[in-house]
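What follows is the residue order along each chain.
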Amino acid sequence: MNVLLVYAHPEPTSLNGALRDFSVKRLEAAGHAVRVSDLYAMNWKAVVDAGDSTEHVPGTAFNASLESKRAFANGTQSADIAAEQDKLKWADAVILQFPLWWFSMPAILKGWVERVYAYGFAYGVGEHSDQRWGDRYGEGSLAGKRAMLVVTAGGWEPHYGPRGINGPIDDILFPINHGVLFYPGFDVLPPFVVYRTSKMDAARFAQTCDALGRRLDELWSTRPIPYRRQNAGDYEIPECTLKEDILPGQAGLGVHIAK
Ligand code: FAD
């Protein structure tokens, strides 16, 4: 299998760097082909702008969505964007690895998503009408591939528990798991989260690698998070609201997971 690891940490000797190196070795030892997009090492450009397309006419207004659509369709995207899309097409599984910074991914990784997820590639796919609202949330260009987050967090695990002050980790990661990964079609695996990183030592690092190694070994057998598919009958279309008879009276992020 082909695995793409998109990695966002500025320091190779960091905990994240050590976990990345472990993951690459483990996956390769299991016979998988691994490619790493090391965003800081690549000096990845994180901002969307007119330079993302070779067709932008200087002096004209820049519209991020429409220029993305045109550049993707015409093959005039900047080379760095096209190369990352090719890696995504190549991959059977994608791992996004990053330290939790301000309850989300580092800006450089957000910028990778914003630029690589072009209109026509990751969104704006399929028929959009009163009967259908595109191929998304379980369908789309990346359907059939698996994805998993590997995240390190300074906070303690209970801080991210059901009543923890930071909010439940599944809620915090929902915009990435459901929005960034499930939206264009990935089957999303439960995240691997390392908490309380300041208390890492050699013994705990070994335990963490054992646990991460098991998750990597089970990349193709782990049951994905059962997010509801947009076009499988659970939602009113085109409103895209959960049907009244499903979990009546309930709301919130959890309703989009079929228990
Ligand atoms: P490092 O700092 O590199 O290492 C952490 C510890 O692991 C160190 O003690 C180091 O000695 C040890 N270590 C490293 N490598 C090894 C190894 N091979 N073997 C054994 N021990 C090792 N946290 C939150 O919970 N929520 C937030 O919203 C949040 N926001 C943040 C925002 C910013 C801007 C920053 C800078 C930090 C934030 N943090 C937050 C904390 C952040 O998530 C952690 O600092 C980060 O996850 C730690 O990962 P690292 O790779 O940088 O660890």
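Right above here is the structure, for reference.
In what follows, the accompanying structure is described.

Notes on the site of the ligand
Around the ligand, a shell composed of 20 residues is seen, among which His9, Asn16, Trp102, Thr152 and Tyr160 lie nearest. Phe103 places a polar main-chain atom, nitrogen or oxygen, 2.8 Å from an oxygen atom of the ligand. At a separation of 3.2 Å, a nitrogen atom of the ligand approaches a polar backbone atom of Gly154. Across the complex, the protein chains shield 63% of the 980 Å² of accessible surface that the ligand would expose by itself.

As for the pattern of salt bridges
Applying the stated criterion across every chain yields a total of 14 salt bridges. Its salt-bridge partner being Lys45, residue Asp49 comes within 3.0 Å of it at the nearest N-O pair. Judged by relative accessible area, Lys45 falls into the partly exposed class, the value being 27%. A salt bridge links Asp234 to Arg228; its shortest N-O distance comes to 3.1 Å. Put simply, Lys45, Asp49, Asp52, Asp80 and Arg115 are held in one network by salt bridges that share partners.

Focus on the packing of helix α3 (residues 79-90) against helix α4 (residues 107-116)
Close contact between α3 and α4 brings their axes to 9 Å; oriented N to C, the two are set at 90 degrees. When the interaxial angle is binned, α3 and α4 end up roughly perpendicular. Side by side, α3 and α4 meet where Asp80, Ile81, Glu84, Gln85 and Leu88 of the first sit next to Trp112, Arg115 and Val116 of the second. Class assignment of the residues belonging to the contact of α3 with α4 gives a composition of four nonpolar, one polar and three charged.

Points about the pairing of strand β1 (residues 2-7)
Judged by how many residues are buried, β1 sits mostly within the fold: five of six residues are covered. Inspection of the sheet shows β1 paired to strand β2 (residues 33-38) by six bridges, in the parallel sense. Directly across from Tyr7, in β2, lies its bridge partner Asp38. For the crossover from β1 across helix α1 (residues 15-29) to β2, the handedness is right-handed. Note that β1 and strand β3 (residues 93-99) share five bridges and pair parallel. Residue pairing for β3: Val6 is matched across the bridge by Leu96.

What about the packing of aromatic side chains?
For the coordinates displayed, the defined rule picks out nine aromatic pairs. Plain terms: the ring middles of Phe72 and Phe121 are 5.8 Å apart, the flat faces sit at 50 degrees to each other, and that makes the pair tilted. On the criterion of sequence distance, the pair formed by Phe72 in helix α2 (residues 64-74) and Phe121 in the loop between α4 and β4 (146-152) is long-range, its members being 49 residues apart. For Phe72, a relative accessible area of 26% translates into the label partly exposed. A ring pair is formed by Tyr137 and Tyr183, whose centres lie 4.9 Å apart and whose planes are at 70 degrees; its orientation type is edge-to-face. In this pair, Tyr137 sits in the loop between α4 and β4 while Tyr183 sits in the loop between α6 (174-182) and β5 (187-188), placing the two residues 46 residues apart along the sequence. In textbook terms, an aromatic cluster arises when at least three aromatic residues are bridged by ring pairs, as seen for Tyr137, Phe174, Phe182, Tyr183 and Tyr227. The ring of Trp44 has Arg115 lying over it, and the distance from NZ or CZ to the ring centre is 4.8 Å.

So, the side chain of His56
In this structure, His56 sits in the loop between β2 and α2. For His56, a relative accessible area of 17% corresponds to the buried category. Among the polar contacts made by the side chain of His56, one reaches the main-chain carbonyl oxygen of Thr60 at a distance of 3.4 Å. Here the side chain of His56 touches Glu67 through a polar contact of 2.8 Å, side chain to side chain. The residues touching His56, leaving out its near neighbours within four places in the chain, are Ala50, Ala61, Phe62 and Glu67.

Observations concerning unusual backbone geometry
Between Ile237 and Pro238 the backbone carries a cis peptide bond, its omega angle lying at 15 degrees. By the secondary structure assignment, Pro238 is in the loop between β7 (235-236) and β8 (241-242). If you check the backbone angles, Phe103 has positive phi at about 65 degrees while not being a glycine. By the element assignment, Phe103 lies in the loop between β3 and α4.

What counts, and where the lines are drawn
Residue positions are given per chain, counted from 1 along the sequence in the order it is written. Residues qualify for local features only when their pLDDT is at least 70, as the model is predicted, and side-chain atom pairs are given and counted only at 80 or more; totals for whole chains, interfaces and linings, by contrast, use all residues. For the side-chain quantities, the full set of heavy atoms in the structure was used; hydrogens and water were omitted. Summary of the distance rule: residues count as near a molecule or strand when at least one heavy atom falls within 4 Å of that molecule or strand. Any pair of N or O atoms that falls within 3.5 Å is considered a polar contact. Within protein, one atom must be able to donate a hydrogen and the other to accept it, and sequence-neighbouring residues count only if both atoms are side-chain atoms. Every accessible area reported is derived by Shrake-Rupley at a probe size of 1.4 Å, with residue values counting cover from the shown protein chains alone. Any carboxyl oxygen of Asp or Glu that lies within 4 Å of a side-chain nitrogen of Lys or Arg is treated as forming a salt bridge with it. Think of it in three bands: residues with accessible area under 20% of the maximum for their type are buried, residues over 50% are exposed, and the middle band is partly exposed, with areas taken using a 1.4 Å probe on protein chains only. Axis lines are fitted to C-alpha atoms, over the contacting stretch for helices. Their N-to-C directions set the angle, which ranges from 0 to 180 degrees. Where helices and strands are cited, they refer to DSSP runs of H or I of at least four residues and of E of at least two residues respectively, numbered from the N terminus. Relative orientations are named as follows: roughly parallel for angles under 35 degrees, roughly antiparallel for angles over 145 degrees, roughly perpendicular for angles from 65 to 115 degrees, and oblique for any other angle. Whether two residues are in contact is decided by their heavy atoms, any of which lying within 4.5 Å being enough. Residues are sorted three ways: Asp, Glu, Lys and Arg are charged, Ala, Val, Leu, Ile, Met, Phe, Trp, Tyr, Cys and Pro are nonpolar, and all the rest, Gly among them, are polar. We treat two strands as partners when DSSP finds at least two bridges between them. Convention used here: a crossover is right-handed provided that the path from the first strand, over the helix, to the second strand proceeds clockwise when the strands point away from the viewer. The pairing test for Phe, Tyr and Trp rings, Trp by its six-membered ring, is centres within 6.5 Å, and the orientation test on the planes gives stacked under 30 degrees, edge-to-face over 60, and tilted for anything in between. A ring has a charge above it when a Lys NZ or an Arg CZ is no more than 6 Å from the ring centre and no more than 35 degrees off the ring normal.

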